[in-house]
Amino acid sequence: MVNLRPMGQPTVAAYTLTRLAQLGLDRVFGVPGDYAFPINDAAETVPGLSWVGCANELNAAYAADGYARIRGAAILSTTYGVGELSALNGVMGSNAHRLPVFHLTGKPSERIQKLGLLTHHNLGDTVYERFQPLSAAACCVQAVLTPANCVDELERVIREALRQSRPAYLVISEVQALLPVHGQPINGLPLQAIKRQHSVAEELDAAVAAILERLERAQRPVAMVTDLVRRYGLRRQAEAFIRKANLPTVFAPFDKGCLDESLPQVIGLYAGHESSSPAVRGLVEAADLLVDIGGQVAADLNTGGWTARIPSSRRVTVSDDWVRLGDKVFLHTALEDVLSALVEQVQPRSGDHGPRLELAPLVGRDGDALSSAAFTARLQRRLRAGDTLVIETGTCGLHLLPMLLPAGVDVELQGLWGSIGWATPACMGVAMAKTSGRAWLVSGDGAHQLTLNELAVMGRYGVKPVIFVLNNGLYGIEDVLSERGHRYDDLPPVRYHLLPEAFGCQGWLSEKVATVQELEAVLERIERHDGAAYIEVMIPNEESQPLPAATIDQSYKLKTPAVE
Ligand SMILES: Cc1ncc(C[n+]2csc(CCOP(=O)(O)OP(=O)(O)O)c2C)c(N)n1
Ligand SMILES: [Mg+2]
């Protein structure tokens with residue numbers, strides 16, 4: 001490789017990765033490719049960074065997503081066209097879930113472009129920029145980096161990605177990447193030390209005063225906290241607010257894990273008719289004020305099929321940089337600033353909070369065949385403070401979301417974007433980002449089949465997750481929603497517990513369990529095992545029926561032609 005570093009100036013590729021690493025990031029997830037070799041090389045040589053070679057770009061994007069959930073941001077590296085397009089679904093999911101993933105891609109050199117030479121990974125023409133708008137569409141900000149603009153553009157891109165808490169797209173041509181940057185390189189702060197949003201004082205003061213005034217007048221206020229507070233690193237402040245205000249507090253399904261559920265104020269999950277209990281639903285719907293910290297995503301799966309409706313007249317929404325109270329909207333009110341002002345000024349309320357989430361009953365005994373309920377109850381009792389549980393989209397979510405999380409246990413899921421296969425690589429990213437505690441994964445068999453080749457990558461890098469694959473032989477949740485019996489919901493009979501061995505994962509505890517007794521024995525062994533575990537859990541496929549008739553009925557009414 002040519003050494004192009006006159007007067008010690010770093011190359012565009014090296015500077016870009018150095019600057020991103022300063023945020024506190026130590027991994028680059030990706031798949032190498034010729035147009036991106038300078039970026040790949042820099043990932044190996046920049047101090048403090050290491051390359052994680054994923055099984056494919058979609059997995060890499062999911063892994064970066066998981067890493068960003070723990071570290072606050074992540075770096076993803078793909079090659080031109082074929083690589084970046086494969087990552088798109090994953091990056092779009094990071095956008096939906098408000099994660100600043102920096103997606104770096106290479107492209108053909110300007111020499112090739114000026115000569116009009118045809119290149120591979122294109123359509124046989126000289127349109128070199130065809131893919132940029134596609135990749136950029138998944139991001140909130142983009143830049144084509146050159147030696148002349150690199151230092152300035154990177155500051156703009158980093159600032160914007162952190163301000164909006166969404167992905168950024170960075171393109172560097174294979175030749176520009178190797179040229180030295182112009183200007184004075186910048187030494188950036190770690191993410192936790194960066195103020196990501198700024199308020200306009202007048203709007204902030206007015207918004208906070210209005211919220212406090214509404215809270216003081218309210219007889220039966222309830223708070224709701226959403227995942228957005230975690231994405232801005234503000235979970236502790238949100239908890240401090242509900243603790244000091246002493247408000248009964250709920251969370252919606254997509255936001256599982258955004259609160260310490262052992263806090264006495266946390267009463268449960270609110271999703272209209274799919275709330276954790278009728279008591280929780282009653283309390284929220286009888287409230288004269290709902291203080292929504294972060295802004296509930298009012299999507300179907302987050303609201304019990306749109307049955308969770310609180311009129312705006314009874315609602316205060318504190319979003320990322322605006323506040324709404326009834327018909328009033330305040331702008332430029334940074335979430336962080338609103339929360340600290342509220343924590344400082346709110347008056348504590350007295351009185352009871354209401355119901356609590358409880359440990360799931362230990363259903364099933366010894367030789368009984370396993371069920372989702374028997375599995376969930378036993379898993380719940382094994383999670384420890386500091387652990388993170390990654391939950392895949394599918395039937396497992398229906399069982400795991402209403403469960404009480406032990407103190408200090410986090411959950412990550414992809415409720416809104418809901419792309420099956422996400423959880424397996426995301427769990428790897430979570431495990432790599434964590435500095436203590438275990439990463440647990442629960443995935444259905446169908447979802448796992450999309451991305452299970454990432455197990456080999458986990459083995460290669462010595463990651464030690466605890467993985468449960470719930471094997472019911474079908475796309476269970478689809479089978480329910482689309483009524484039972486379609487052949488397209490059946491899955492090939494993979495023998496999952498043999499995979500770690502085939503993928504070269506050393507020291508993994510790998511087993512198949514079909515009864516309650518077998519599950520209990522393996523959970524006991526996992527507790528003592530200092531290494532990865534991979535358990536195939538047999539779930540009878542009959543369990544996938546029935547979903548409550550009312551749920552199926554409601555879904556059909558909205559999705560099928562209205563025949564009178
Ligand atoms: C990328 C993608 N493709 C398809 C779907 C539709 N989908 C949602 S859940 C699901 C089935 C999940 O099956 P499995 O993982 O076996 O879980 P189970 O419900 O059987 O426990 C499918 C196909 C999706 N959400 N994402
Ligand atoms: Mg299944």
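Residues numbered from 1 in each chain as written. Chains lettered and ligands numbered in written order. Predicted model: local features only at pLDDT ≥ 70, side-chain atom pairs only at ≥ 80, totals over all residues. Heavy atoms only, no water.

**Q** Can you explain the site of ligand 1? Please cite residues and give values.
**A** The local shell around ligand 1 holds 14 residues, among which Thr395, Asp445, Gly446, Ala447 and Gly476 are the closest. Contacts to ligand 1 include glycine 446, whose backbone N or O atom sits 2.8 Å from an oxygen atom. Between ligand 1 and glutamate 478 there is a distance of 3.1 Å, counted from a nitrogen atom to a side-chain nitrogen or oxygen. Coverage of ligand 1 by the protein amounts to 78% of the 600 Å² it exposes when considered alone. Contributions of two or more residues to the shell around ligand 1 are made by α16 (445-451) and α18 (476-481). Taken together, the residues of the shell around ligand 1 break down into five nonpolar, seven polar and two charged. (Near = heavy atom within 4 Å. Polar contact = N/O pair within 3.5 Å; in protein donor to acceptor, adjacent residues only side chain to side chain. Areas by Shrake-Rupley, 256 points an atom, 1.4 Å probe, with all protein chains shown as cover. Helix = DSSP H or I, 4+ residues; strand = E, 2+ residues; numbered from the N terminus. Nonpolar A, V, L, I, M, F, W, Y, C, P; charged D, E, K, R; others polar.)

**Q** Now, about the pattern of salt bridges: what can you tell me, with residues and values included?
**A** Evaluation of the coordinates by the stated rule reveals 31 salt bridges. The shortest N-O distance in the salt bridge between glutamate 412 and arginine 69 comes to 2.9 Å. One end of the pair, glutamate 412, is in strand β15 (residues 410-413); the other, arginine 69, is in helix α3 (residues 57-71), and 343 residues separate them in sequence. Both residues of the pair, glutamate 412 and arginine 69, count as buried. Across the pair glutamate 261 and lysine 256 runs a salt bridge, and its minimum N-O distance is 2.9 Å. (Salt bridge = Lys/Arg side-chain N within 4 Å of Asp/Glu carboxyl O. Buried < 20%, exposed > 50% of the residue type's maximum accessible area, 1.4 Å probe, protein only.)

**Q** Give a description of the sheet that holds strand β2 (residues 50-53) that names residues and reports values.
**A** With parallel pairing, the six strands of this open sheet are ordered in space as β2-β1-β3-β4-β6-β5. Edge positions in the sheet fall to β2 and β5 (141-145), since each of these pairs with one other strand and no more. Within this sheet the neighbouring strands show an average axis-to-axis angle of 25°, counted without direction. Pairing geometry for β5 and strand β6 (residues 168-173), over five bridges, is parallel. By the bridge assignment, valine 141 is partnered in β6 with alanine 168. Helix α1 (residues 12-21) rests against β1 (27-30), β3 (74-78), β4 (101-107), β5 and β6 of the sheet, and its axis sits at about 175° to β4. (Pairing = 2+ DSSP bridges. Axes fitted to C-alpha atoms, helices over the stretch in contact; angles between N-to-C directions. Contact = heavy atoms within 4.5 Å.)

**Q** Describe in detail the coordination of the magnesium ion (ligand 2), supporting the description with residues and values.
**A** On the protein side, the magnesium ion (ligand 2) has Asp445 (OD), Asn472 (OD1) and Leu474 (O) as donor atoms, found 2.1 Å from it. On the primary sequence, the residues serving as donors to the magnesium ion (ligand 2) are separated as D-x26-N-x1-L. Placement of the pair is aspartate 445 in helix α16 and leucine 474 in the loop between β17 (466-471) and α18, with a sequence separation of 29 residues. Owing to a relative accessible area of 5%, leucine 474 belongs among the buried residues under this scheme. (Donors = N, O, S within 2.8 Å, 3.2 Å for Na, K, Ca; no water.)

**Q** Explain helix α15 (residues 423-433) to me, using residue names and the numbers behind them.
**A** At 3.6 residues per turn, the α-helix brings residues three or four places apart onto the same side. Burial analysis of α15 places 10 of its 11 residues in the buried class, the great majority of the element. By the burial criterion, the buried members of α15 are Ala423, Thr424, Pro425, Ala426, Cys427, Met428, Gly429, Val430, Met432 and Ala433.

**Q** Describe the packing of aromatic side chains, and please don't skip the residues or the numbers.
**A** In the structure shown here, the tally under the stated rule is five aromatic pairs. Between tyrosine 35 and tyrosine 80, the aromatic rings sit 5.1 Å apart at their centres with planes inclined by 70°, giving edge-to-face as the arrangement. Of this pair, tyrosine 35 sits in the loop between β1 and α2 (37-45) while tyrosine 80 sits in the loop between β3 and α4 (82-96), and the two are 45 residues apart along the sequence. No difference in accessibility class separates tyrosine 35 from tyrosine 80, as the two residues are buried. Where phenylalanine 375 meets phenylalanine 468, the ring centres are 5.2 Å apart and the plane angle is 65°; that geometry is what we call edge-to-face. With phenylalanine 375 in helix α13 (residues 372-380) and phenylalanine 468 in strand β17, this pair connects stretches of sequence that are 93 residues apart. (Phe/Tyr/Trp six-rings, centres within 6.5 Å; stacked < 30°, edge-to-face > 60°.)

**Q** Give me the pairing of strand β16 (residues 439-444): which residues, what numbers.
**A** The element β16 is largely enclosed, with a buried count of six among its six residues. Here β16 shows a buried face lined by Ala439, Leu441 and Ser443 and a second buried face lined by Trp440, Val442 and Gly444. Examined bridge by bridge, β16 and β17 share five bridges and lie parallel to one another. Pairing of tryptophan 440 across the sheet is with valine 466, part of β17.

**Q** Break down the nonpolar core for me, citing the residues and quoting the values.
**A** Membership of the largest hydrophobic core comes to 81 residues, with the highest contact counts inside it found for Leu17, Phe29, Phe102 and Met428. Counting 73 residues, the second largest nonpolar core, distinct from the first, contains Ala207, Val291, Val338 and Leu357. (Core = buried A, V, L, I, M, F, W, Y, C linked by side-chain atoms within 4.5 Å.)

**Q** Which residues make up the packing of helix α10 (residues 235-245) against helix α12 (residues 335-345), and what values do they have?
**A** Across the interface, α10 lies against α12 with an axial gap of 9 Å and an inter-helix angle of 30°. Considered as vectors, α10 and α12 are oriented roughly parallel to each other. You can see that α10 and α12 cross each other, and the crossing is left-handed. Touching Gln237, Ala238, Ala240, Phe241 and Lys244 of α10 are Leu339, Leu342, Val343, Glu344 and Gln345, all from α12. Grouping the amino acids of the contact of α10 with α12 by side-chain chemistry returns six nonpolar, two polar and two charged. (Parallel < 35°, antiparallel > 145°, perpendicular 65-115°, else oblique. Left-handed = near helix turned anticlockwise from the far one by under 90°.)

**Q** Explain the environment of tyrosine 534 to me, and be specific about the residues and the numbers.
**A** Along the chain, tyrosine 534 falls in strand β19 (residues 533-538). A C-alpha to C-alpha distance of 30 Å links tyrosine 534 and alanine 252, two positions 282 residues apart in sequence. The contact partners of tyrosine 534, leaving out residues within four places of it in the chain, are His448, Leu455, Ile467, Val469, Tyr496, His497, Leu499, Pro500, Trp508, Leu509, Ser510 and Glu511. In terms of polar contacts, tyrosine 534 uses its side chain to reach the side chain of histidine 448, at 2.9 Å.

**Q** Lay out a nonpolar patch on the surface in plain terms, naming residues and giving numbers.
**A** Nonpolar side chains collect at one region of the surface, where Trp322, Val329 and Leu331 lie side by side and expose about 260 Å² of accessible area between them. Within the fold, leucine 331 resides in strand β13 (residues 328-331). You can call leucine 331 partly exposed: its relative accessible area is 45%. (Patch = residues over 30% accessible without salt bridge, like charges linked within 9 Å, V, L, I, M, F, W, Y side chains within 5 Å.)

**Q** Break down the side chain of threonine 79 for me, citing the residues and quoting the values.
**A** With respect to the element layout, threonine 79 can be found in the loop between β3 and α4. Beyond its immediate sequence surroundings of up to four residues, threonine 79 is in contact with Val31, Gly33, Asp34, Tyr35, Ala36, Glu84 and Thr105.

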